[in-house]
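Here's the letter readout for the chains.
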Amino acid sequence: MKKYILSIDQGTTSCRAILFNGSGIIEGVEQREFEQIFPKSGWVEHDATVIWKTQLEVIKNVLYKNNISPSQIEAIGITNQRETTVLWDKNTGKPVYNAIVWQSRQTEEICERYRSSDFENYVKENTGLVVDPYFSATKIKWILENVQGVKEKAQKGDILFGTIDTWLIWNLTGGKLHITDYSNASRTMLFNIKTLKWDKYILEKLDIPESILPKVVNSSEVYGKTAKNLLGEEITISGIAGDQQAALFGECCFQKGSVKNTYGTGCFMLMNTGENMIVSKNGLVSTIAWGIDGKIEYALEGSVFIAGAVIQWLRDGLGIIESSRESEFCALQVKDTAGTYFVPAFTGLGTPYWDSDARGIITGLTRGVNKNHIVRAALESIAYQSADVVKAMEKDSGIQIKNMCVDGGAAANNFLMQFQSDILGCEISRLQVIESTAMGAAFLAGLATGFWKDREEIENLLISDRHFTPEMDIETRESKLTGWKNAVKRAMSNQPL
Ligand code: ADP
C-alpha cells in the first residue's frame, strides 16, 4: 500500500491540504480561500470555526479526489499562519471571539501601555521579539479585556488559547490535545526562548492566566491521532511549525548561517543561527526555528512589507503591465533603470529601518525614463530591500552569507533573482518544488515516524531548479547600493520635504 504524508498548510487567505509521496513529490493539492473580516480600519480577523471547517473540507477532498484512503496517510504535518490568536471555551469548543490575525493593528493601544524601555528590553532579551501588535500576547489581552465574561471564565479554567496550529490540533483530536510547537510558541511574545518555558514575568505583567496556554512540544514527534469519527481512521499527527520556519526546514536550511528568503506579497527572510540565540542590534527579531528531540535551533528573522505587492500595484494601480509575469519582459527591454530608484514604502519600511510613517517614492525621473525603467526599478527595489535585511543579518551573526535559498511567487522572476545575486554578490538557489512551507511540515511529520530516516535523506529529495551566480562588478554594485540608500533616506519620515 502506497503511503503519503498529508501536509496541512493553513495560510492567511486560504486552507490547503497537500499530499507528498516518499520521494517528496506532490501528488495532490486542494485549496480553498475563506473570508477576511475587516471590522474597522487596520483590524483583520478570521472566523476560527470557518477556518476549521474549511481545513477539514480540503483534507477530505484531497483524499477523495486522489482516491486515497485515510489508512494510506502515514502522518499529518501542520504549518500555519503565525501569531493569529484564538480563544475558545473548552466545554463548548466555540471561539469566544474571532481569531485576531497577525496583521491586525487593533492592539496598538495596549502595546503603547507597555512600551517602557525596561519592559521592551526584557521582552527582547527573553522572547527575541519587540512589543508590537503583530505578536499574540496583546491579542490575547485584548480579547480578555474586551469580550464580556471571558476573563472570569478564563480564571475558572474554562478558556483555552491557541495559535492556529493549536486550534486545528484540538479540533482534529476531538479536544484531546492542547499543544503548540516551539516555533509557534516563540511568536506569542509570552514564551521565554532561553528557558523554554512560558515567561511568568510577562504573563503577570499582562495579567494573562497561564492555565489558558497550550503545552509546548517538539516540532517533530508523534503527538497523538485524529479522532476516529472525523476521517474514518485515526491518523498520526507528528509535525508542527509556523509557516516561515516550515519554509526554512522545507528548503533544508539546516546549517548554521543558511538563509531562505520567501518572495510573496512581502519578503520573509530567516537565517538559521544554530544553537545560539542572537539578540539583534540591527532591527531583526530572534525566534525559534524548530525544536527536535528537545534540542532547539534558533533563527534571525527580518521582513520587507512590500515586495511582490509593488508588482501588483504596477498592474492594478498604475495599469502599466497586464500580469506580474510581464514585469520580467519589461525589465529586460532596457539596460538599466536610467538612474531611477523606486522605494515602495507604501505601508512604511520594515527591517532594518522600522519607519511606519515612511511613504513610497520614485527618484531620478527625467524625460528619458519610460515605463520599462519604472518596472525595472520596482523589481530592483525588491532585491535592494532584501539586501538590506541580509546586511542586518550579517552584522548580527558575524556570518557572511554566501548562498541564499529562495521561494514564493516572485522568486519565479529570473531577472529579479539574477539582480538579487548581483547586488548581494552571493549565490541564489531556487528549487523545483516551490511549496517549501508545506514541504517543511511534511518533512517534520515524516521524520518523526521514520517515513524518512534523517535530514540527509530529505536533503537528497530536493531537486534544484536553477542557480544564479553574481555577474556584476564591485564598483557598479557599490554605486547602485549608494543610489538606493539615498533614495531610502528621501522616503523616510524624518526627512524635511
Ligand atoms: P503570498 O503568499 O504572499 O500571497 P505568493 O508567494 O503567492 O504570495 O506570490 C505572489 C506575489 O508575487 C504577488 O505579489 C505577485 O505580484 C508576485 N509575483 C508573482 N509572479 C511574479 C513574477 N513573475 N514577477 C514578479 N512578481 C511576481
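Before any of the text, the structure's been laid out above.
**Q** Would you take a moment to explain the overall build of the chain for this structure?
**A** Counting its secondary structure elements, the chain contains 17 helices and 23 strands. Rg of the C-alpha trace for the chain: 22 Å, near the compact-globule value of 23 Å for 497 residues, within the 12% margin. Expressed as lengths along the three principal axes of its C-alpha atoms, the size of the chain is roughly 70 × 55 × 40 Å. Considering only residue pairs separated by 6 or more positions, the chain has 71% of its internal contacts joining residues 24 or more positions apart. Roughly 20,000 Å² of accessible area belongs to the chain as shown, and the carbon and sulfur atoms make up 48% of that amount.

**Q** Mind showing me how you'd approach the site of the ligand here?
**A** Around the ligand, the surrounding shell holds 13 residues, and the nearest of these are Thr265, Gly308, Ser324, Gly409 and Asn413. Alone, the ligand offers 580 Å² of accessible surface; in the complex the protein occludes 67% of this. Taken together, the residues of the shell around the ligand break down into 3 nonpolar, 9 polar and 1 charged.

**Q** I would appreciate a short explanation of the sheet that holds strand β2 (residues 14-20) in the present structure.
**A** Strands pair in a sheet through their backbones, by hydrogen bonds, and they do so in one of two ways: parallel or antiparallel. The strand order across the open sheet built from 6 strands is β3-β2-β1-β5-β14-β13, with neighbouring strands paired in mixed fashion. In this open sheet, the two strands that pair with only one neighbour each are β3 (26-33) and β13 (220-225). Ignoring strand direction, the axes of neighbouring strands in this sheet form an average angle of 25°. As judged from the 3 bridges shared by β13 and strand β14 (residues 236-242), these two strands associate in the antiparallel manner. Opposite Lys225, over in β14, you have Thr236 as the bridge partner. Across the sheet, helix α10 (residues 243-250) touches β5 (73-80) and β14, and the angle it forms with β14 is around 105°.

**Q** So what exactly am I meant to see when it comes to the packing of aromatic side chains here?
**A** The geometry of two aromatic rings is summed up by the distance between their centres and the angle between their planes. Following the criterion strictly, the structure yields 24 aromatic pairs and no others. Judged by centre distance (5.5 Å) and plane angle (85°), the ring pair of Tyr384 and Phe419 falls under edge-to-face. Of this pair, Tyr384 sits in helix α13 (residues 371-397) while Phe419 sits in helix α14 (residues 414-424), placing them 35 residues apart in sequence. We classify Phe419 as buried; its relative accessible area is 4%. Chaining the aromatic ring pairs together yields one cluster made of Tyr341, Tyr384, Phe415, Phe419 and Trp484. The residue whose ring lies beneath Arg455 is Phe254, and the NZ or CZ to ring-centre distance is 4.8 Å.

**Q** Even after reading the chapter, I still don't get the environment of Trp52, so can you show me in this structure?
**A** Position of Trp52 among the secondary structure elements: in helix α1 (residues 48-65). Note on Trp52: relative accessible area 11%, which makes it buried. Along the chain, Trp52 and Glu145 lie 93 residues apart, while their C-alpha atoms are 25 Å from each other. Excluding anything up to four places from it in sequence, Trp52 contacts Trp167, Leu168, Asn171, Leu172 and Leu230.

**Q** Looking at this structure, I do not really get α1. What am I missing?
**A** For α1, with 18 residues, the first-to-last C-alpha span of 26 Å sits near the 26 Å given by 1.5 Å per residue. Taken residue by residue, α1 has Ala48, Ile51, Trp52, Thr54, Gln55, Leu56, Val58, Ile59, Val62 and Leu63 as its buried positions. Its side-chain oxygen placed 2.9 Å from the backbone nitrogen of Thr49, Asp47 serves as the N-cap of α1. Positive phi appears at Asn67, one or two residues downstream of α1, with a value of about 55°.

**Q** Just to check I follow, could you spell out the packing of α13 against α14 for this structure?
**A** It is at 9 Å that the axes of α13 and α14 come closest, and there the two elements cross at 45°. Judged on the interaxial angle alone, α14 and α13 are oblique. Regarding α13 and α14, the two cross each other, and that crossing is right-handed. Together, Arg376, Leu379, Glu380, Ile382, Ala383, Tyr384, Ser386, Ala387 and Val390 of α13 and Phe415, Leu416, Phe419, Gln420, Ile423 and Leu424 of α14 make up the contact between the two elements. Residues that form the contact of α13 with α14 fall into these classes: 11 nonpolar, 2 polar and 2 charged.

**Q** Please clarify how the packing of α1 against helix α6 (residues 164-172) should be interpreted in this entry.
**A** Between two packed helices, the angle of one axis relative to the other and the distance separating the axes together describe the packing. For the pair α1 and α6, the least separation of the axes is 11 Å and the interaxial angle reads 65°. α6 is crossed by α1, and the crossing has right-handed handedness. Where α1 abuts α6, its residues Ala48, Thr49, Ile51, Trp52, Gln55 and Ile59 lie against Ile164, Trp167, Leu168, Asn171 and Leu172. The residue makeup of the contact of α1 with α6, split by class, is 8 nonpolar, 3 polar and no charged.

**Q** Teacher, can you tell me more about the pairing of β5 here?
**A** Within a regular strand, side chains alternate between the sheet's two faces. Burial analysis of β5 places 8 of its 8 residues in the buried class, the great majority of the element. The pairing of strand β1 (residues 4-10) with β5 spans 7 bridges and is parallel. Bridging across to β5, Asp9 finds its partner in Thr79. As paired elements, β5 and β14 share 5 bridges and run parallel to each other.

**Q** Any chance you could explain the environment of Ile73 here in plain terms?
**A** Looking at where Ile73 falls in the secondary structure, it is placed in strand β5. Taking relative accessible area as the criterion, Ile73 reaches 4% and is therefore assigned buried. Put simply, Ile73 and Glu233 are 160 residues apart on the chain and 9.7 Å apart in space, counted from C-alpha to C-alpha. If we skip the residues at most four places from it in the chain, Ile73 touches Tyr4, Leu6, Leu19, Leu63, Ile68 and Ile235.

**Q** When you look at the sheet that holds strand β22 (residues 427-431) in this model, what are you seeing that I'm missing?
**A** The 7 strands are arranged β17-β18-β16-β15-β21-β22-β23 in an open sheet whose pairing can be described as mixed. If you trace the sheet from one side to the other, it starts and ends with β17 (285-292) and β23 (464-468), each paired once. When the angles between neighbouring strand axes are averaged without regard to direction, this sheet yields 25°. Sheet topology places β22 next to β23; 4 bridges connect them, and they run antiparallel.

**Q** Just to check I follow, could you spell out the pairing of strand β6 (residues 86-89) for this structure?
**A** Every second residue of β6 is oriented toward a common face, with Val86 and Trp88 on one face and Leu87 and Asp89 on the other, all of them buried. Summarising the sheet, β6 and strand β8 (residues 159-162) pair through 4 bridges and their orientation is antiparallel. Paired with Leu87 across the bridge in β8 is Phe161.

How each quantity is defined
- Residues numbered from 1 in each chain as written.
- Predicted model: local features only at pLDDT ≥ 70, side-chain atom pairs only at ≥ 80, totals over all residues.
- Heavy atoms only, no water.
- Helix = DSSP H or I, 4+ residues; strand = E, 2+ residues; numbered from the N terminus.
- Rg over C-alpha atoms; globule rule 2.2 N^0.38 Å.
- Contact = heavy atoms within 4.5 Å.
- Areas by Shrake-Rupley, 256 points an atom, 1.4 Å probe, with all protein chains shown as cover.
- Near = heavy atom within 4 Å.
- Nonpolar A, V, L, I, M, F, W, Y, C, P; charged D, E, K, R; others polar.
- Pairing = 2+ DSSP bridges.
- Axes fitted to C-alpha atoms, helices over the stretch in contact; angles between N-to-C directions.
- Phe/Tyr/Trp six-rings, centres within 6.5 Å; stacked < 30°, edge-to-face > 60°.
- Buried < 20%, exposed > 50% of the residue type's maximum accessible area, 1.4 Å probe, protein only.
- Lys NZ or Arg CZ within 6 Å of the ring centre and 35° of its normal.
- Expected span 1.5 Å × (residues − 1).
- Polar contact = N/O pair within 3.5 Å; in protein donor to acceptor, adjacent residues only side chain to side chain.
- Parallel < 35°, antiparallel > 145°, perpendicular 65-115°, else oblique.
- Left-handed = near helix turned anticlockwise from the far one by under 90°.

No statement about biological role is implied by the geometric values presented.
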